[in-house]
Amino acid sequence: ASNRSFPASFKFGIATSAHQIEGAWNEDGKGENIWDHICHTNPNYIDNRDNADITCDSYHKYKKDVAMLKYLGVNYYRFSLSWSRIIPFGIADSPVNPAGILYYQNLLQELVDNNIEPLVTISCFDHPETLQEYGGFPNPEFEEHFAYYVRVVFQNFGHLVKYWITFNEPLESCQQGYGTGTLAPAYSHSGLTDYKCAHNIIKAHAKAYHIYDEEFRPQQQGSVGIVLDTSWYEPATGSAADVEASERALQFLFGWYMHPIAYGNYPSVMIDRVDQRSKQQGFNTSRLPKFTEDEIEYIKGTYDFLAINTYTTVYAQAKEEYDIDVISWDSDMNVDMFIDDSWEETGSSWLRVVPWGIRKLLNWLKKTYNNPEIFITENGVSDKGGLQDDQRINFFREYLSNVLDAVLDDGVNVTRYTAWSLMDNFEWVRGFSEKFGLYHVDFEDPERSRTPKASAEYYAQVIATRCLVDVC
Ligand code: GCO
């Protein structure tokens, strides 16, 4: 690992999300969200029939969480708001829950009192079940419901928050939630509802950005962005076809969202391929929805920073054209993906330790989006448990070393790094079986006691010294 220091202006943080840690699923007026609903109605959907009814109980233990943040010495805390705790039905003009507002005001005040900056995600995977009954993200009115929610959020919390994130990982919400069915609400019409979901999220994001810009930014002076997730897609060989497959994968997985937000419209490779395949399949128009000229102008440039969650690398290889009868986002993209079996395994099947990939990804972002300010809003690794988590220490050391090289040698403008996650928590369909925390949580203990792992000591030392090894 590098023995150089992080610049003095570089900030370190750590992340959680509401549904993964809060519990108190129906307390003090909170409404049911799509994950409460799926866990309660289809328990076998989750490993070990786990649910997040209590999870880390952060609704009651947020002061403990803040004390842990303080111990780590992080500059900021990235957490998310539970939409159904704030607006139980989630729909425009429906009642606001005062206890939900109070909870987040208390948490924010506790952070401010401890000199920890909040970085707040407005929507992270857990929208209200009633909103889902109204159609959720694919509903064309979705942006109105989201606009109502963000106004409530900016009005009540904006005096304490300078950094906002509208949505977390819409790729996963849409592609898994509506495409493959591997996240709630578990619909699986890939190549159709996933495109519609993305389209409405992009429009809702742009609307939230403009609402902030026009109604709140003049007093509150904050910044707004969206968190997108991506792996690095390394060309399987140096052949022109594989290099092109890698670029196509990045455009279908990341450009799908970022290209409109940066440049107004979907990447041309997506527009062209989905148009052509839709026609061949007998559709009268493309399965990829179209933005109007006005929408393109409205969406373009709606970000103050580029925020990414990234964990791993995958090889991308050109392949034979898919059978034209297959309707799916994956067949529209048409890239073979595979990993190198020698890459170090982790607690998650999708996550191998590939530190060099993050540096390549950062360079690709710099080049593709004209050298933006970049926040890494999640990076981390899972295991099956244990306090002496040497693999996690090694993961942070090597990934951070590559981030540092990207900053110091490649001139990539990364200004923040956020570890995932503060503590072990509810890992969606994997329940509590995969652990990403720097703190261990005892889920058998009614107090949900938290204990620092070796990686917590390591991260605290990195933050204190701005250095990855013993001496810089
Ligand atoms: C997110 C992430 C987290 C996951 C993490 C590890 O959306 O914030 O999906 O919720 O826990 O990415 O899989």
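Cut-offs applied
Residues numbered from 1 in each chain as written. Predicted model: local features only at pLDDT ≥ 70, side-chain atom pairs only at ≥ 80, totals over all residues. UniProt positions renumbered as here; feature names shortened; annotations may be inferred. Buried ≥ 20, exposed ≤ 12 C-beta atoms within 10 Å, placed from the backbone. Contact = placed C-beta atoms within 7 Å. Helix = DSSP H or I, 4+ residues; strand = E, 2+ residues; numbered from the N terminus. Pairing = 2+ DSSP bridges. Axes fitted to C-alpha atoms, helices over the stretch in contact; angles between N-to-C directions. Expected span 1.5 Å × (residues − 1).

**Q** Tell me about the UniProt feature "active site" (unreviewed entry) in the protein chain, and please be specific about residues and values.
**A** UniProt records the feature "active site" (unreviewed entry) for Glu378 in the present numbering. On the basis of neighbour counts, which here come to 24 C-beta atoms within 10 Å, the residue Glu378 falls in the buried class. Filtering out sequence-adjacent residues up to four positions away, Glu378 remains in contact with Ala15, Asn309, Thr418 and Trp420.

**Q** Which residues make up the pairing of strand E5 (residues 223–229), and what values go with them?
**A** Of all 7 residues in E5, 5 are buried, a share of seventy percent or more. Here strand E4 (residues 163–168) runs beside E5; their pairing, made up of 4 bridges, is parallel. Bridging across to E5, Asn168 finds its partner in Val227. With 3 bridges connecting them, E5 and strand E7 (residues 306–309) associate as parallel partners. The residue bridging Val227 from the neighbouring strand is Ala307, located in E7.

**Q** Lay out the sheet that holds strand E8 (residues 313–318) in plain terms, naming residues and giving numbers.
**A** Two orientations exist for strands paired in a sheet by backbone hydrogen bonds: parallel and antiparallel. Spatially, 3 strands are ordered E6-E8-E9 in an open sheet, and the strand pairing comes out mixed. This sheet does not close on itself; its edge strands, each paired only once, are strand E6 (232–235) and strand E9 (335–338). Averaged over neighbouring strand pairs, the angle between their axes works out to 40° when direction is ignored. Of the strand pairs in this sheet, E6 and E8 are connected by 4 bridges, and their pairing is parallel. Across the sheet, the residue bridging to Glu234 is Tyr315, located in E8. Sitting on the sheet, helix H10 (residues 240–263) is in contact with E6, E8 and E9, with an inclination near 125° to E8. The strands touched by helix H14 (residues 355–368) within the sheet are E6 and E8, with E6 carrying the most contacts at an inclination of about 95°.

**Q** Provide a residue-level description of H14, including the pertinent values.
**A** When the terminal C-alpha atoms of H14 are compared, their 21 Å separation across 14 residues agrees well with the 20 Å that a helix rising 1.5 Å per residue should span. Taken together, the buried positions of H14 are Gly357, Ile358, Arg359, Leu361, Leu362 and Leu365. At its buried positions, H14 is contacted by E6, E7, E8, strand E10 (374–379), helix H15 (390–408) and strand E11 (414–420). Immediately beyond the C-terminal end of H14, within one or two residues, lies Asn370, with a positive phi of roughly 65°.

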